[in-house]
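For reference, the chains in residue letters:
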Amino acid sequence: MQIFTCPFCGLRDEREFHFIAEAGKTRPDTLTQISDEDWAAYLHSHRNEKGHVREIWMHTTCGELFLLERDSVTMEVLGSTALREASQ
Amino acid sequence: MTARRLDSGGLIDRSKPISFWFDGKTYEGFEGDTLASALLANGVSIFGRSFKYHRPRGLWSAWVDEPNAIMNIRLNGKEHPNCLATTTYIEEGMAARSVNAFPTAKYDIKGGLDLFHRFLGAGFYYKTFIWPDWHLFEPAIRRMAGLGAVDREVLEDFQSAQHHAKCDVLVVGGGAAGLTAARAAAEAGKDVVLVDDQRVLGGSLYRCGVAADLDPSDWVAAQKDAIEGSGGRILTHTTAYGIYDHGLVALVQSQGFGRAPALLRMRAEQVIMATGALDRPITFSKNDLPGTMSLSAAGEYLARYGVLTAKKPLVMRNNSLASATVENLRAAGAKVEEIEHVDGITNQGRKHTTGLRIGKESIDADAVLVSGGLTPLVHLWRHAGGKLDWCETRQAFLPKPATDAMIAIGAANGTYDLAQAIEEAEAAGKGTPIYRPETTYITTPIETKPGSKGRQWIDFQHDVTLKDIEVAARENYVSVEHLKRYTTLGMASDQGKTSNMAGLTAMAALRGKPIPQVGTTTSRPPFVPVPLEIYHGAKTKQLWSPVKRLPLEDKHRDLDAALCEYGGWLRPGWYGKGDRDETIQKEAKAARDTGGIFDGSTLGKIEVMGPDAEAFLNFVYYNTIKTLKPGSIRYGFMLTEGGIVYDDGVVTRVDQNRFIVSCSSSHVDGVRTHLEAWRQDGNDPDRIFVHDQTTAWATVTVTGPKARDVLGRLDTTIDLSAEAFPHMTFREGAMGTISLRIARVSFSGDLSYEVSVPAGHAETLWDAITAAGKEQGVGPIGLEAMSILRAEKGFIIIGKDTDGETMPHDLGFTIPRAKKKAAFIGDRSLHTEKANAEDRKVLVGLSVADGDPPLATGAHAFTETPTRRSLGYVTSSYQSPNVGPIALAIIEAPHAKVGDTIKIWHKEEVREITICDPCRFDPEGGRLHA
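Residues numbered from 1 in each chain as written. Chains lettered and ligands numbered in written order. Predicted model: local features only at pLDDT ≥ 70, side-chain atom pairs only at ≥ 80, totals over all residues.

Draft legend 1. Representation of the overall build of chain A within the structure. Along chain A, the regular secondary structure elements total two helices and six strands. For chain A, the spread of C-alpha atoms along the principal axes amounts to about 45 × 25 × 25 Å. Within chain A, contacts between residues separated by at least 24 positions form 48% of all contacts whose residues are at least 6 apart in sequence. (Helix = DSSP H or I, 4+ residues; strand = E, 2+ residues; numbered from the N terminus. Contact = placed C-beta atoms within 7 Å.)

Given below as structure tokens:
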């Protein structure tokens, strides 16, 4: 069982967290024309990288979203940043 | 068998005899004996039968690596299957029975199977039972396979305790290295936990010795005192069976035989692995014959249990370490003769070895003790992701250099020399590890000769021989992972502790490659079998998944409500002790005739506030929220980005910047997460706030023609007249000093008010409404009646009347898809080829003739042209006391035109049903707007 760091609550068991998305994915402006391919890529294509990954997670018990950086091979947690700090 | 108990020596207590049973006979052992040592001391030689050929099998080892001695044990009237005789300490009255043998291990009626071994080699099942169909043979083969039988009786009180613990340093293994490291670390001020899987600490010290002038027990006691004196903790009879992510080490702690072991989830800053090493078998013809034992096991039986395995054993070994054991056996009176391993050795005898034949020469003996070199126990190292290096000198895989979190010492690290191991352990414990010392160990690899004569056993428990490995190699199952699965090598309950290295060596020889190029299979937890109970523990029923409880539960109980779980909530299904179906029909009819009072507290009440709340909800909802006026309510859907209907419900605009999202009862947590995710990721979280108030407000719904009359009896500040308070509007007010919210919305299709008060005032509201209802002949109704009412109107329940492909236009809600100007979640997905397909499943009603039984929920509609296939299925079906049998279904659009007939199949019965509008009650909405 992994231990993640919520930027607000500190070290917590992985069962308290919920994966939201890979970081850096932007929703296309759906008021413009978007091809089926581009929309499908937004919906279904994930980078699923090996090694250092940046992901958005929610700490479900406090409800806050944050940027979690971790290693998808060794499972090492490399850092967690509150989302509003990460976006600045 | 000529094994016998010595008058002195060992760690057993000869003053405490214990009697027990094995295969119907009674035996005696001593306190401290394992089943294996006690039986061996009684001269028992056959402990079980092999899995496939039912060959007689004796003891190979003295601890967890034992492949043969597996038993069903009965104690205090409870049966415990597949216990390892070598790790089960005897208790008074224990009755052990060998598995896979009938009537006994000694005389097994299936022993004759061995005669057919030529036809039963590797791949036999795959090749033989493929025609005409494996499933014809499977039941009979399954009956023949397997080990111990599980008793039908459920073990009461078999519940594991689960603990969480942490420490600075966890030392696994209480031998010389582990004790030394734990002492050094504890004395250096670390918080140390030492675990060892035996009852008595000391590992291999008793058979190998500490030093000539020092008694092993004294040395162990001194270390133990030092560790505990420095604050260290020692857990015996506790096995570290797995290492998981982020340094979680799973420990299983015995609570005594027949009692559920405890699970300890240990988090350690550092794990020191002092897990030791095991003796490897040597392959020669008939090497599985009882009386053929690992040399180190013979040493253990002598040193720990005072049992001398044989009078005149032959010793066959390939390494320098075995000398101490040979000396000990000689000192105890055994006439040990050492022989070299050469090709063409054959074990002699039928049920027990009578010696070896080497070429034409025979040597008589009563046991053959073999030592094929040491295999370090690196399982935990591998669980933690540690890598291995092949060491040519030691002929073994050794852990690669340590990390900060994990270090291997002693025999587990290939440091077999005792003095060196203690030096290495001391350094590791102090936190200044030294690299593996230069070894003094000498071993000569024993080459496997493919094609040699006789049956040479590699895996004792699963009956895998050298010939099987040759077959696998010939048929190109050369990868170790394929070899394992094709031959079942290493797949028995011992998980290849003895057989894996022998199998690898054989495959390397067959392919003419060095061992490291052949590779190893992956070690996974658990290192020893553990009962599933340890993961279960006390986490059952309410402790596993507690139901959510209504503030009005006591009131419902007073009315004899049938409280059932609906979407995680404990809610009244119906009221009273009468017949279930009759009561539900009565409630559903009364609700239409006069009215009903319904506990709606579970409905979601998520408040969304802030200057951007309107734009946010307009984006989150399929429907347009922007045009909603303060005090008004709108029904709408939330979609996923894939365009699938995720939730439905009403949204109330309390004022310009404040909304209440009323989502499905069972969906509140999901919707809250959904809203939070979009609020914080993609919006300015300082301009929108989401607050789940679901449990803060209790809601009582009053529905039916008399709803206004009932509510009018309450002393509130709210004008209920149709003109002042129309359908789909919201009012705030008070009832005395209690603040009150009323939403005029309807899930029943009748005039209906949802009345909410702060949860602490729930009973006051309930009492007032039920008292007023009594005067009007309006009583409480449960969720079952409400489900009928909503189905009469064709109102859907998401997830029941929709599935994972349903989009809003499938439910008849087409306008936002065509006309909404703003972006919303899922918008683009509503215009894909799939979303535009003509054969999408759409919501319809099904008209069942009055008097006919209702359709079965889940029954499929089907066509037979051109071939038989499903067109959709019935999603909801009820007997309605108001309109007769009703049903909702989702059916492919070309077959779902109102007036068409369609065939519905259920359990071989086919009914012709007419498609109708989903709404069967008050289609004009007169009652709704009354």
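Draft legend 2. How the structure looks around the overall build of chain B. Looking only at helices and strands, chain B features 25 helices and 49 strands. For chain B, the C-alpha radius of gyration of 38 Å lies well beyond 30 Å, the compact-globule estimate for 930 residues. Projected onto the principal axes, the alpha-carbon positions of chain B cover approximately 110 × 70 × 55 Å. Expressed as a percentage of the 930 residues in chain B, the buried residues total 49%. The long-range fraction of contacts in chain B, counting pairs at least 24 apart against all pairs at least 6 apart in sequence, stands at 67%. (Rg over C-alpha atoms; globule rule 2.2 N^0.38 Å. Buried ≥ 20, exposed ≤ 12 C-beta atoms within 10 Å, placed from the backbone.)

Draft legend 3. Focus on the packing of helix H7 (residues 295–305) of chain B against helix H8 (residues 323–331) of chain B. Residue and element names in this part refer to chain B. Contact geometry of H7 with H8 gives a least axis separation of 9 Å together with a crossing angle of 45 degrees. Here H7 is positioned oblique relative to H8, judged by the angle of their axes. Two packed elements cross with a definite hand, and for H7 against H8 that hand is left-handed. When H7 is examined against H8, the residues Leu-295, Ser-296, Ala-298, Gly-299, Leu-302 and Ala-303 are found in contact with a partner set consisting of Thr-325, Asn-328 and Leu-329. Tallied by class, the residues present in the contact of H7 with H8 amount to five nonpolar, four polar and no charged. (Axes fitted to C-alpha atoms, helices over the stretch in contact; angles between N-to-C directions. Parallel < 35°, antiparallel > 145°, perpendicular 65-115°, else oblique. Left-handed = near helix turned anticlockwise from the far one by under 90°. Nonpolar A, V, L, I, M, F, W, Y, C, P; charged D, E, K, R; others polar.)

Draft legend 4. Examining the nonpolar core more closely. All names here are of chain B. With 148 residues, the main nonpolar core has Leu-170, Val-171, Ala-181, Val-192, Ile-272, Ala-274 and Ile-409 as its most contacted residues. When residues of this core are assigned to their parent elements, the largest contribution, eight residues, is made by helix H4 (residues 176–187). Excluding its chain neighbours within four sequence positions, the residues that come into contact with Ile-272 are Val-169, Val-171, Ala-181, Ile-407, Ile-409 and Ala-428. (Core = buried A, V, L, I, M, F, W, Y, C linked by C-beta atoms within 7 Å.)

Draft legend 5. How the structure looks around the sheet that holds strand E21 (residues 355–358) of chain B. Residues and elements named next belong to chain B. Taken together, three strands build an open sheet; the order of strands is E20-E21-E22 and the sheet is antiparallel. Single-partner strands in this sheet number two, and they are strand E20 (345–348) and strand E22 (361–364). The average undirected angle you get between the axes of adjacent strands in this sheet is 25 degrees. Looking at chain direction, E21 and E22 are connected through four bridges and run antiparallel. Directly across from Arg-357, in E22, lies its bridge partner Ser-362. (Pairing = 2+ DSSP bridges.)

Draft legend 6. Representation of helix H11 (residues 466–474) of chain B. Residue and element names in this part refer to chain B. When we look at burial in H11, the residues that qualify are Leu-466, Asp-468, Ile-469 and Ala-472. Seen from one end, H11 has its buried residues packed into an arc of 160 degrees, which puts them on one side. The inward-facing, buried residues of H11 abut strand E28 (457–459), strand E29 (464–465), helix H12 (480–487) and helix H13 (499–511). Directly beyond the C-terminal end of H11, a positive phi value near 75 degrees is found at Asn-476. (Arc of directions from axis to C-beta.)

Draft legend 7. Region of the structure containing the domain arrangement of chain B. All names here are of chain B. By domain assignment, chain B separates into domain 1 (4–108 + 282–371), domain 2 (162–278 + 376–430), domain 3 (447–518), domain 4 (549–602 + 695–793), domain 5 (606–692) and domain 6 (837–930). On a C-alpha basis, the centroid separation for the pair domain 4 and domain 6 is 30 Å. Contacts between the two partners involve 14 residues from domain 4 and, on the opposite side, 17 residues from domain 6. Put simply, the parts of the chain that give the side of domain 4 that touches domain 6 at least two residues each are helix H18 (580–593) and helix H23 (783–792). Among the elements that line the side of domain 4 that touches domain 6, the one with the most residues is H18, at four residues. (Domains from an automatic or database assignment.)

Draft legend 8. Region of interest: the interface of chain A and chain B. Across the boundary between the two partners, chain A contributes 21 residues, which contact 18 residues of chain B. Listing elements by their share of the side of chain A that touches chain B, those giving two or more residues are strand E3 (17–22), helix H1 (36–44), strand E4 (52–59) and helix H2 (83–86) of chain A. Of all the elements, H1 of chain A adds the most residues to the side of chain A that touches chain B, at three residues. When its residues are assigned to classes, the side of chain A that touches chain B shows twelve nonpolar, six polar and three charged.

Draft legend 9. Expanded view of the sheet that holds strand E2 (residues 13–22) of chain B. Residue and element names in this part refer to chain B. Spatially, the five strands line up as an open sheet ordered E3-E2-E8-E6-E7, and their pairing is mixed. Of all strands in the sheet, those with a lone pairing partner are strand E3 (25–31) and strand E7 (78–84), marking the two edges. Here the strands of the sheet are splayed against their neighbours by 35 degrees on average, with no regard to which way each runs.

Draft legend 10. Here's a closer look at helix H6 (residues 216–229) of chain B. All names here are of chain B. Here H6 spans 20 Å end to end across 14 residues, near enough to the 20 Å set by a 1.5 Å rise per residue. All of the buried residues in H6 are Pro-216, Val-220, Gln-223, Lys-224 and Ile-227. Viewed end-on, H6 has its buried residues packed into an arc of 100 degrees, placing them on one side of the element. Across H6 from its buried face, at more than 90 degrees, point the exposed residues Asp-218, Asp-225 and Gly-229. Positioned one or two residues after H6, Gly-231 has a phi angle of 90 degrees, which is positive. (Expected span 1.5 Å × (residues − 1).)

Draft legend 11. The arrangement of unusual backbone geometry in detail. All names here are of chain B. Note that the residue after Pro-525, namely Pro-526, is joined by a cis bond; omega there is 0 degrees. With respect to the helices, strands and loops of the structure, Pro-526 is situated in the loop between helix H14 (515–518) and helix H15 (533–536). Cis peptide bonds are those with omega within 30 degrees of zero, and the linkage from Thr-865 to Pro-866 qualifies with -5 degrees. We note that His-237 has phi near 55 degrees; this positive angle belongs to a residue other than glycine. Within the fold, His-237 resides in the loop between strand E11 (233–235) and strand E12 (238–244). If you check the backbone angles, Lys-286 has positive phi at about 60 degrees while not being a glycine. With respect to the secondary-structure elements, Lys-286 resides in the loop between strand E15 (277–279) and strand E16 (292–294).

Draft legend 12. Broad picture of the pairing of strand E32 (residues 569–575) of chain B. Residue and element names in this part refer to chain B. Note: strand E30 (residues 548–549) against E32, two bridges, orientation parallel. Bridge pairing in E32 links Lys-548 to Trp-569. Note that strand E31 (residues 561–566) and E32 share six bridges and pair antiparallel. When the bridges of E32 are listed, Ala-562 appears paired with Trp-574. Linking two consecutive strands that pair antiparallel, namely E31 and E32, is a turn of two residues; a positive phi of about 55 degrees is found at Gly-567 within it.

Draft legend 13. Examining the environment of Glu-153 of chain B more closely. Residues and elements named next belong to chain B. Following the sequence through the fold, Glu-153 ends up in the loop between helix H3 (134–144) and strand E9 (162–172). Accessibility expressed as a C-beta count within 10 Å gives 9 for Glu-153, which makes it exposed. The spacing of Glu-153 and Gly-77 is 76 residues in sequence and 10.0 Å in space, taken between C-alpha atoms.

Draft legend 14. Region of the structure containing the packing of H11 of chain B against H12 of chain B. All names here are of chain B. Running from N to C, H11 and H12 point in directions that differ by 125 degrees, and their axes come no closer than 10 Å. The orientation of H11 relative to H12 falls into the category oblique. With respect to the hand of their crossing, H11 and H12 are arranged in right-handed fashion. Contacts between H11 and H12 involve Asp-468, Ile-469 and Ala-472 from the first element and Leu-483, Tyr-486 and Thr-487 from the second.

Draft legend 15. Focus on the environment of Gln-680 of chain B. Structurally, the position occupied by Gln-680 of chain B is in helix H20 (residues 668–680). A C-alpha to C-alpha distance of 18 Å links Gln-680 of chain B and Ala-823 of chain B, two positions 143 residues apart in sequence. Gln-680 of chain B has contacts with Leu-65 and Leu-83 of chain A together with Pro-685 of chain B, leaving out every residue within four places of it along the chain.

Draft legend 16. Up close: the environment of Leu-639 of chain B. Residues and elements named next belong to chain B. By the element assignment, Leu-639 lies in strand E35 (residues 633–639). Taking the C-alpha atoms as reference points, Leu-639 and His-135, 504 residues apart in sequence, are found 45 Å from one another. When neighbours within four sequence positions are excluded, Leu-639 is seen to be in contact with Tyr-622, Ile-644, Val-645, Tyr-646, Pro-808, Ile-825 and Gly-826.

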